[in-house]
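# Examination of the molecular architecture
So you can see what is in the structure, the chains are spelled out below.
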Amino acid sequence: MWKEGDLNQQVALQLAELNTRFYAEQAASFSSTRQSPWPGWRQVADLLVDLGEREAPMRASVSLLDLACGNLRFERFLADERPQVDWRMVAVDNCVPLMDAGASADASAGECVAFAELDAVGALVRGDFAERLDACAPQSLDASVSFGFLHHVPGFDRRAELLRALVNAVRPGGLVAVSLWRFMGNPKLAEKARATTEQALRDLPWLDKGDLEHGDYILGWQDRPGTYRYCHHFDAEEVDRLVASVPNAQLLSRFRADGRTDVLNEYLVLRRA
């Protein structure tokens, strides 16, 4: 019997494959719903610009890793909102169609963005994530971010490992920012999450209810039958545990933002010691 935070490896791999298949098949429809920046990004951008201006007051320069960059929404946001900054970004994802959609939407993205393909969840499950992330960005950076992604990582221990790797990817004094989806606090989303999880447990022969940890759900997409993705809801206690799991960083900011109620995501901004 697995303990919390030690999700069965085979189930974790199948959940990772479920999500990889979802994004490969739904890349176009998903990208079309992910065009506008999240409000919470503005607070993160302010901290990143402050970091750059302290280091290079004549012209702020910030090197940044974006894990699970999707369609480069965050990269376009930074370039549009903070054009005074010399951004040097490494965009990492395992869904090439999403990255291609973002690059096609803004041809100038190639001027400040380098691309790397990485199946982060698969690497976390297999146990070689840190070295594969290091290969994407071998030099210490000023910052690393990951938005809308940690909820796709099965098992607390793997989520904590990912956060530690993001911290280790930046130089001392560098910043790390992540968003944590707290969708079960929204009654409408919570109702749909419970319903689609029950349906998925009937549709997916390899998945049993006992395989899922507290906070784990299988969500649908635009009411399309048989279209599923694994997502994890973060409660306040788990957010506290994630912060405590990174001993070489201090919590710089923690806030809620996004969605119609402005509380759908919880953001953590850490500074590496």
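Residues numbered from 1 in each chain as written. Predicted model: local features only at pLDDT ≥ 70, side-chain atom pairs only at ≥ 80, totals over all residues. Heavy atoms only, no water.

### Observations regarding the nonpolar core
- Counting residues in hydrophobic clusters, the biggest one holds 42 residues, and the most contacted among them are Leu65, Leu67, Phe129 and Leu162.
- With residues up to four places along the chain from it excluded, the contact list for Leu162 reads Leu67, Leu124, Phe129, Phe149, Leu150 and Val153.
- The next biggest cluster of nonpolar side chains, apart from the first, holds 30 residues, and it includes Val62, Leu64, Phe147 and Ala177. (Core = buried A, V, L, I, M, F, W, Y, C linked by side-chain atoms within 4.5 Å. Buried < 20%, exposed > 50% of the residue type's maximum accessible area, 1.4 Å probe, protein only. Contact = heavy atoms within 4.5 Å.)

### Some details on helix α10 (residues 187–203)
- The end-to-end C-alpha separation of α10 is 24 Å, in line with the 24 Å expected for 17 residues at 1.5 Å each.
- By the burial criterion, the buried members of α10 are Ala190, Ala193, Thr196, Thr197, Ala200 and Leu201. Buried residues of α10 fall within an arc of 140° about the axis and therefore sit on the same side. Exposed and facing more than 90 degrees away from the buried side of α10 are Pro187, Lys188, Glu191 and Arg202.
- Between a side-chain oxygen at the N-terminus of α10 and the backbone nitrogen of Lys188 the separation is 3.1 Å; the capping residue is Asn186. (Helix = DSSP H or I, 4+ residues; strand = E, 2+ residues; numbered from the N terminus. Expected span 1.5 Å × (residues − 1). Arc of directions from axis to C-beta. Polar contact = N/O pair within 3.5 Å; in protein donor to acceptor, adjacent residues only side chain to side chain.)

### Let's talk about helix α11 (residues 236–244)
- Listing the buried residues of α11 in full gives Glu238, Val239, Leu242 and Val243. All buried residues of α11 lie within an arc of 145° about the axis, which places them on one face of the element.
- Of the surrounding elements, those touching the buried residues of α11 are α9 (156–168), β5 (170–181), β7 (229–232), β8 (249–257) and β9 (265–272).

### Comments concerning the environment of Asp134
- Residue placement: Asp134 occurs in helix α8 (residues 129–136).
- Look at Asp134 and you get partly exposed, because its relative accessible area is 44%.
- With 34 residues separating them in the primary sequence, Asp134 and Asn168 have C-alpha atoms 9.2 Å apart.

### Let's talk about the packing of aromatic side chains
- The full count for this structure, using the stated rule, is twelve aromatic pairs.
- Relative to Phe183, the ring of Trp181 has its centre 4.5 Å away and its plane inclined at 55°; by these criteria the two rings are tilted. Taken individually, Trp181 and Phe183 each receive the classification buried, so the pair is uniform in this respect.
- Between Phe255 and Tyr267 the ring centres are 4.8 Å apart and the planes differ by 5°, which places this aromatic pair in the stacked class. In this pair, Phe255 is assigned in strand β8 and Tyr267 in strand β9, connecting sequence segments twelve residues apart.
- Taking relative accessible area as the criterion, Phe255 reaches 10% and is therefore assigned buried.
- Three or more aromatic residues joined by ring pairs form one cluster here, namely Trp38, Trp41, Phe74, Phe77, Phe147, Phe255 and Tyr267.
- The side chain of Arg241 reaches across the aromatic face of Phe156, ending 3.9 Å from its centre. (Phe/Tyr/Trp six-rings, centres within 6.5 Å; stacked < 30°, edge-to-face > 60°. Lys NZ or Arg CZ within 6 Å of the ring centre and 35° of its normal.)

### Some words on unusual backbone geometry
- Here Ala68, not a glycine, exhibits a phi torsion of approximately 65°, which is positive.
- Of note, Ala68 is situated in the loop between β1 (61–67) and α4 (73–81).
- Residue Ala68 is classed as buried on the basis of its relative accessible area of 18%.
- Backbone geometry places Asp262, a non-glycine residue, at a positive phi of 65°.
- By the element assignment, Asp262 lies in the loop between β8 and β9.

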